[in-house]
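Next come the chains, spelled out residue by residue.
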Amino acid sequence: MLKPTQLATIISALLLLSACGEAEQASSQTPPLQPIDVAATPQISIADWHTYTTRLSSPNEVALRARVTGVIGSVNFKEGDTVNQGDVLFELDDRTFLAEVASLAAQVKRAEAALSQAKSESARALRLSKQKAISTEEVDARVSLTAQREAELDALRASFKAAQLNLEFSKITAPISGKISFAEVTQGNTIRANDTLLTTIVATDKMYAYFDIDERTWNSQFASVTEGEPLPVKLQLLGRESQPVMGELDFIDNAIDDHSGTLKVRASFDNLSGQLRPGSFARVSLSSGEQNDRVLIPDRAVGTDLKNRFVLVVNDANTLEYRLITLGNRYGEFRAVESGLAAGERIAVNGPARVGPGMPISPNSVTLTLPDNIATEVVAMTPSDSSQGLN
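All figures in this text were calculated on a predicted structure; none of them were measured in a lab.

Comments concerning the environment of Asn364
Mapped onto the elements, Asn364 comes out in strand E21 (residues 361-365). Given a relative accessible area of 40%, Asn364 falls into the partly exposed group. Each C-alpha atom, one on Asn364 and one on Asp37, is 4.6 Å from the other, the two residues being 327 residues apart in sequence. Not counting chain neighbours up to four residues away, the residues in contact with Asn364 comprise Ile36, Asp37 and Val38.

Observations regarding the UniProt feature "coiled-coil region" (unreviewed entry) in the protein
Under the UniProt annotation, "coiled-coil region" (unreviewed entry) lies at residues 101-128. With 100% helix and 0% strand, the stretch residues 101-128 has end C-alpha atoms that lie 41 Å from each other.

Examining the packing of aromatic side chains
All told, the structure shown has five aromatic pairs when counted by the stated rule. With a centroid separation of 6.1 Å and 85 degrees between ring planes, the pair formed by Tyr208 and Tyr210 is classed as edge-to-face. The positively charged end of Arg266 is found above the aromatic ring belonging to Tyr208, 3.9 Å away from the centroid.

Quick look at the sheet that holds strand E5 (residues 82-83)
Ordered by their spatial adjacency, four strands build an open sheet running E3-E10-E8-E5, and the pairing between neighbours is antiparallel. Each edge of the open sheet is held by one strand with a lone partner, namely strand E3 (61-65) and E5. Inspection of the sheet shows E5 paired to strand E8 (residues 178-180) by two bridges, in the antiparallel sense. Residue pairing across strands places Val83 opposite Gly178, the latter belonging to E8.

Remarks on the environment of Glu150
Among the secondary structure elements, Glu150 is positioned in helix H3 (residues 136-169). By relative accessible area, which is 34% here, Glu150 ends up partly exposed. Between the alpha carbons of Glu150 and Lys119 there is a distance of 9.4 Å; along the sequence they are 31 residues apart. Excluding anything up to four places from it in sequence, Glu150 contacts Leu115 and Lys119.

Some words on the pairing of strand E12 (residues 232-237)
Looking along a regular strand, one sees the side chains alternate between the two faces of the sheet. Among the six residues that make up E12, five are buried, leaving the element largely enclosed by the rest of the structure. Taken together, the four bridges between E12 and strand E13 (residues 245-252) define a ladder with antiparallel strand orientation. Considered in E13, the bridge of Lys234 is made with Met246. Both E12 and strand E15 (residues 281-298) contribute to a ladder of five bridges, which runs antiparallel. In the strand pairing of E15, Val233 is matched with Leu286.

Re unusual backbone geometry
In this structure, Leu306 is a non-glycine residue whose phi angle is positive, near 55 degrees. Looking at the secondary structure, you find Leu306 in the loop between strand E16 (303-305) and strand E17 (308-314). Of note, the phi angle at Asn318 is positive, near 55 degrees, even though the residue is not glycine.

Re the sheet that holds strand E6 (residues 88-92)
The strand order across the open sheet built from four strands is E7-E6-E4-E9, with neighbouring strands paired in antiparallel fashion. Across the chains shown, the open sheet's two edge strands, defined by having one partner strand only, are strand E7 (171-173) and strand E9 (190-191).

Focus on the nonpolar core
Counting residues in each nonpolar core, the largest one holds 24 residues, and the members touching the most others are Phe211, Leu235 and Phe269. For this core, the secondary-structure elements that each account for two or more residues are strand E2 (43-57), strand E11 (206-214), helix H4 (215-222), E12, E13, strand E14 (262-270) and E15. In this structure, Val68, Val83, Phe90 and Ile176 belong to the second largest nonpolar core, which totals 20 residues.

Side note on the pattern of salt bridges
As enumerated under the stated definition, the model contains ten salt bridges in all. Put simply, Asp93 and Arg95 hold a salt bridge, and the shortest N to O gap is 2.7 Å. On the basis of relative accessible area, Asp93 is assigned to the partly exposed category, the value being 29%. With a closest N to O distance of 3.2 Å, Lys264 and Asp212 form a salt bridge. Separated by 52 residues along the polypeptide, Lys264 in strand E14 and Asp212 in strand E11 bring together distant segments of the chain. With relative accessibility at 14%, the residue Asp212 sits in the buried group.

Some words on helix H2 (residues 95-130)
The terminal C-alpha atoms of H2 lie 53 Å apart, and with 36 residues this matches the ideal 52 Å at 1.5 Å per residue to within 8%. The set of residues buried in H2 consists of Phe97, Val101, Leu104, Val108, Ala111, Leu115, Ala118, Ser122 and Ala125. The inward-facing, buried residues of H2 abut H3. Taken from the residues just after H2, Lys132 is the one with a positive phi, measuring 60 degrees.

What about the side chain of Thr51?
Relative to the helices and strands, Thr51 resides in strand E2. We classify Thr51 as buried; its relative accessible area is 0%. Engagement of the side chain of Thr51 in a polar contact is seen with the side chain of Ser285, the distance being 3.0 Å.

Let's talk about the confidence of the model for the protein
Parts of the model with low pLDDT should not have their predicted coordinates read in detail. Looking at the protein, pLDDT values average 84 and 86% of them are 70 or higher. Across residues 376-391, confidence stays below pLDDT 50; counting only partners more than four residues off in sequence or on other chains, it has 54 contacts.

About the cut-offs
- Note on numbering: residues in each chain are counted from 1, in written sequence order.
- Only residues with pLDDT of 70 or above have their local features reported here, since the model is predicted, and side-chain atom pairs are shown and tallied only from 80 upward, although totals for entire chains, interfaces and linings are computed over all residues.
- Note: side-chain values were computed over all heavy atoms of the structure, leaving out hydrogens and water.
- A run of H or I in DSSP becomes a helix once it reaches four residues, and a run of E becomes a strand once it reaches two; helices and strands are each numbered from the N terminus.
- Only protein chains enter the calculation, and the probe is 1.4 Å; a residue is then buried if its accessible area is under 20% of its type maximum, exposed if over 50%, and partly exposed in between.
- Only heavy atoms matter for contacts: two residues are in contact if any of them lie within 4.5 Å across the pair.
- UniProt positions are given in the numbering used here, feature names are shortened, and annotations may be inferred rather than shown by experiment.
- Paired rings are identified among Phe, Tyr and Trp, the last through its six-membered ring, by centres lying within 6.5 Å, and are further divided according to the angle between planes into stacked (under 30 degrees), edge-to-face (over 60) and tilted (the rest).
- The rule for a charge over a ring is simple: NZ of Lys or CZ of Arg within 6 Å of the ring centre, and within 35 degrees of the ring normal.
- For two strands to count as paired, DSSP must find a minimum of two bridges between them.
- In this description, a nonpolar core means a group of buried Ala, Val, Leu, Ile, Met, Phe, Trp, Tyr and Cys residues linked to one another through side-chain atoms lying within 4.5 Å.
- Salt bridge, as applied in this entry: a Lys or Arg side-chain nitrogen positioned within 4 Å of an Asp or Glu carboxyl oxygen.
- Helix span is expected to be 1.5 Å times the residue number reduced by one.
- Counting of polar contacts relies on pairs of N or O atoms within 3.5 Å, with two restrictions inside protein: one atom must be capable of donating a hydrogen and the other of accepting it, and residues adjacent in sequence are counted only when both atoms are side-chain atoms.
- pLDDT gives the predictor's per-residue confidence on a scale running from 0 to 100.

This is the structure in structure tokens:
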């Protein structure tokens, strides 16, 4: 039989062995730390870009209407084609115009003959008056008749010229070069002068983008800009954000709108390729060229929490911390950080996809490589950008 002291020793040893086994089992069940790509945030001196929304417009647009009333005899264009100034687009039935011209031409000849006779009689009367062979009243009557015949001839000549113009207007030509729309009225229909819309033509070799810049931004960033020194402007179309079109600021309005506190400006863009169309929704970005230090982070590192934007920062204990940030412009695949993050801080590069705040990690250090042309790679408007309503 064991003594009490021996029994107590055995029980203590068993309890110690049991505790060690449980500790080893718990240690073996602890998951390894999650490896996460971590990078220090870079800082770069970059120009601030301001982005505005607008609609493109053509510098010249014509709603084509006839100058005379008549019946359309033919439509001489293919809808949607590009037409040149002077091309005949519609032809009216010109028979009535030809008849009017012929009638007035005959009346002009008759009036010329009557004037010639009146002048001859007037000259004869003046000769006879010197010989006292005709009364003064008769001389005055013949001189007056000559003046009447001259006036009648002038009136007929004016009517004849108007008839010739009407005949000319029966062929409706393109007043500008550009892309033509569809025919609103087709062959055989009667149109009214200066009333019936035939089609529309828009010039497409250049496009305008009008937008409003608030007074504070203009005075702080663009006050020194003049039309004589055009400012580069970048334009993005919906669905073509990666293919911007470069233009320049070529118009600045002469006054601030006292109702909205904005200044209207215009950017123009060459459109030789024809990819820009009037009415298209577009974003235009312009920069004053002033350089400022900005912290940049990959767009994929940004998380969204309701209306907030955040990143996961790695602290000295390699634990992730939640950090609210304010975003600026997007530069290619990078975003500028306006506040909430300092240069050199370590962040989770791939964002909160597999990790969350308070989680210890195994950091895998990577280096963020910025594009060489990042200073000009503004590709889209962000929620924090300045923006205007549609014009």
